[in-house]
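This is what each chain is made of:
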Amino acid sequence: DGGITQSPKYLFRKEGQNVTLSCEQNLNHDAMYWYRQDPGQGLRLIYYSQIVNDFQKGDIAEGYSVSREKKESFPLTVTSAQKNPTAFYLCASSIGGLVQETQYFGPGTRLLVL
Amino acid sequence: DQQVKQNSPSLSVQEGRISILNCDYTNSMFDYFLWYKKYPAEGPTFLISISSIKDKNEDGRFTVFLNKSAKHLSLHIVPSQPGDSAVYFCAAGEDSNYQLIWGAGTKLIIKP
């Protein structure tokens, strides 16, 4: 059963702590994305990767980092430099990365600050 | 500066009637537009799209209309069903680009 999995569903971060959100896909897609959703706002792009070992910053990359060592995996680290990390984080993938392509989303991770 | 706007945070429609969700954009370079649907605790799923070379695209109960001169698109759902209750996102992008710009979403509630 192909799809995208994100874990954990809920994540709590303490002050000054880095946390990593997992995203895995078995759709054999080249492109993967990380979005952040805040109440009353649309999805905003954090990072984008079109191929393994390559990724580009989106509109709100400050305070975040990613890696793409494997095609299936695109983890997102929320660093202590991200001063307002409380949000809903969505991972997505598409075949090649063009806007015309359908993006397939995971169920999301809600990050809360303690 | 929001390039894609969905001005109605919520919309309530009687079951069986038409639901019309609206989306406005400011960037005239956009040439591809998509609608996604999101249920609670799930990620968005693709619903329907339209290229700027068309003014209408239909898929079953769902039709998207594009008015380029007004920089406006709308999603029509006919007839509305209880399972259509969800948040609907409008997104837009430039052809052969990778980044979609998303609206804030409209919560559609279908009343029985």
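Refer to the structure printed above.
Since the model is a prediction, treat every value here as computed from it, not as a measurement.

Conventions and cut-offs
Residues numbered from 1 in each chain as written. Chains lettered and ligands numbered in written order. Predicted model: local features only at pLDDT ≥ 70, side-chain atom pairs only at ≥ 80, totals over all residues. Heavy atoms only, no water. Helix = DSSP H or I, 4+ residues; strand = E, 2+ residues; numbered from the N terminus. Buried < 20%, exposed > 50% of the residue type's maximum accessible area, 1.4 Å probe, protein only. Contact = heavy atoms within 4.5 Å. Core = buried A, V, L, I, M, F, W, Y, C linked by side-chain atoms within 4.5 Å. Pairing = 2+ DSSP bridges. Phe/Tyr/Trp six-rings, centres within 6.5 Å; stacked < 30°, edge-to-face > 60°. Disulfide = S-S within 2.5 Å. Polar contact = N/O pair within 3.5 Å; in protein donor to acceptor, adjacent residues only side chain to side chain. Patch = residues over 30% accessible without salt bridge, like charges linked within 9 Å, V, L, I, M, F, W, Y side chains within 5 Å. Areas by Shrake-Rupley, 256 points an atom, 1.4 Å probe, with all protein chains shown as cover. Salt bridge = Lys/Arg side-chain N within 4 Å of Asp/Glu carboxyl O.

Novice: Could you give an account of the environment of B:Gly43, with specific residues and numbers?
Specialist: With respect to the helices and strands, B:Gly43 occurs in the loop between strand S4 (32-38) and strand S5 (45-51). Judged by its relative accessible area of 10%, B:Gly43 falls in the buried class. If we ignore the near neighbours within four places in the chain, the residues touching B:Gly43 are A:Leu90, A:Phe105, A:Gly106, A:Pro107, B:Lys37 and B:Lys38.

Novice: Lay out the environment of A:Thr77 with the relevant residues and their values.
Specialist: Residue and element names in this part refer to chain A. Structurally, the position occupied by Thr77 is in strand S8 (residues 76-78). Each C-alpha atom, one on Thr77 and one on Ser67, is 8.8 Å from the other, the two residues being ten residues apart in sequence. Setting aside anything within four residues of it in sequence, one finds Thr77 in contact with Asn18, Val19, Thr20, Gly63, Tyr64 and Ser65.

Novice: Tell me about the nonpolar core, and please be specific about residues and values.
Specialist: B:Val4, B:Phe33, B:Trp35, B:Leu73, B:Leu75 and B:Tyr88 are the most contacted members of the largest nonpolar core, which has 24 residues in total. Elements that contribute at least two residues to this core include exactly strand S3 (19-25), S4, S5, strand S7 (62-67), strand S8 (72-77), strand S9 (86-93) and strand S11 (106-111) of chain B. Among the elements that make up this core, the one with the highest residue count is S9(B) (four residues). Apart from the residues lying within four places of it in its own chain, the contact partners of B:Tyr88 are B:Gln6, B:Leu21, B:Trp35, B:Tyr36, B:Lys37, B:Leu47, B:Leu75, B:Ile77, B:Gly105, B:Thr106 and B:Leu108. Listed in part, the 20 residues of the second largest apolar core include A:Leu21, A:Ile46, A:Phe74 and A:Val78.

Novice: Got a sec to walk through the pairing of S11(B)? Specific residues and values, please.
Specialist: Consecutive side chains of a regular strand alternate in pointing toward one face of the sheet and then the other. All names here are of chain B. Of the two faces of S11, only the one carrying Thr106, Leu108 and Ile110 is buried; Lys107, Ile109 and Lys111 on the other face are not. As paired elements, strand S2 (residues 10-14) and S11 share five bridges and run parallel to each other. When the sheet's bridge partners are listed, Leu11 is paired in S11 with Leu108. The pairing of S9 with S11 spans three bridges and is classified as antiparallel. Pairing of Ala86 across the sheet is with Leu108, part of S11.

Novice: Give me the packing of aromatic side chains: which residues, what numbers.
Specialist: Residues and elements named next belong to chain A. In the structure shown here, the tally under the stated rule is 14 aromatic pairs over all chains. Centre to centre, the rings of Tyr33 and Tyr48 are 5.2 Å apart; their planes meet at 40°, and the pair counts as tilted. Residue Tyr33 is located in strand S4 (residues 31-37), and its partner Tyr48 is located in strand S5 (residues 44-51); the two are separated by 15 residues in the primary sequence. One exposure class covers both Tyr33 and Tyr48, and it is buried.

Novice: Account for the state of the cysteines, with residues named and values stated.
Specialist: On inspection of all chains with the given rule, the structure shows two disulfides over all chains. Between A:Cys23 and A:Cys91 runs a disulfide, and the two sulfur atoms are separated by 1.9 Å. The chirality of the disulfide connecting A:Cys23 with A:Cys91 is left-handed, given an S-S dihedral of about -75°. You can see A:Cys23 sitting in strand S3 (residues 19-25) and its partner A:Cys91 sitting in strand S9 (residues 87-94), a full 68 residues away along the chain. Like A:Cys91, A:Cys23 is buried. At a sulfur-sulfur separation of 2.0 Å, the disulfide partner of B:Cys23 is B:Cys90. Disulfide B:Cys23 to B:Cys90: torsion about the S-S bond roughly -70°, handedness left-handed. Placement of the pair is B:Cys23 in strand S3 and B:Cys90 in strand S9, with a sequence separation of 67 residues.

Novice: I'd love a proper account of the side chain of A:Thr109, names of residues and values included.
Specialist: All names here are of chain A. With respect to the helices and strands, Thr109 occurs in strand S11 (residues 109-113). Residue class for Thr109 comes out buried when judged on its relative accessible area of 0%. A polar contact of 2.6 Å, which involves the side chain of Thr109, links it to the backbone oxygen of Pro8. Excluding its chain neighbours within four sequence positions, the residues that come into contact with Thr109 are Gln6, Ser7, Pro8, Lys9, Leu11, Leu21, Ala87, Phe88 and Tyr89.

Novice: Can you lay out a nonpolar patch on the surface for me, pointing to particular residues and giving the numbers?
Specialist: Residues and elements named next belong to chain A. On the surface, Tyr10, Phe12 and Leu114 cluster together into a nonpolar patch covering about 360 Å² of accessible area. If you trace the backbone, Leu114 turns up in the segment after S11. Using a relative accessible area of 63% as the deciding quantity, one classes Leu114 as exposed.

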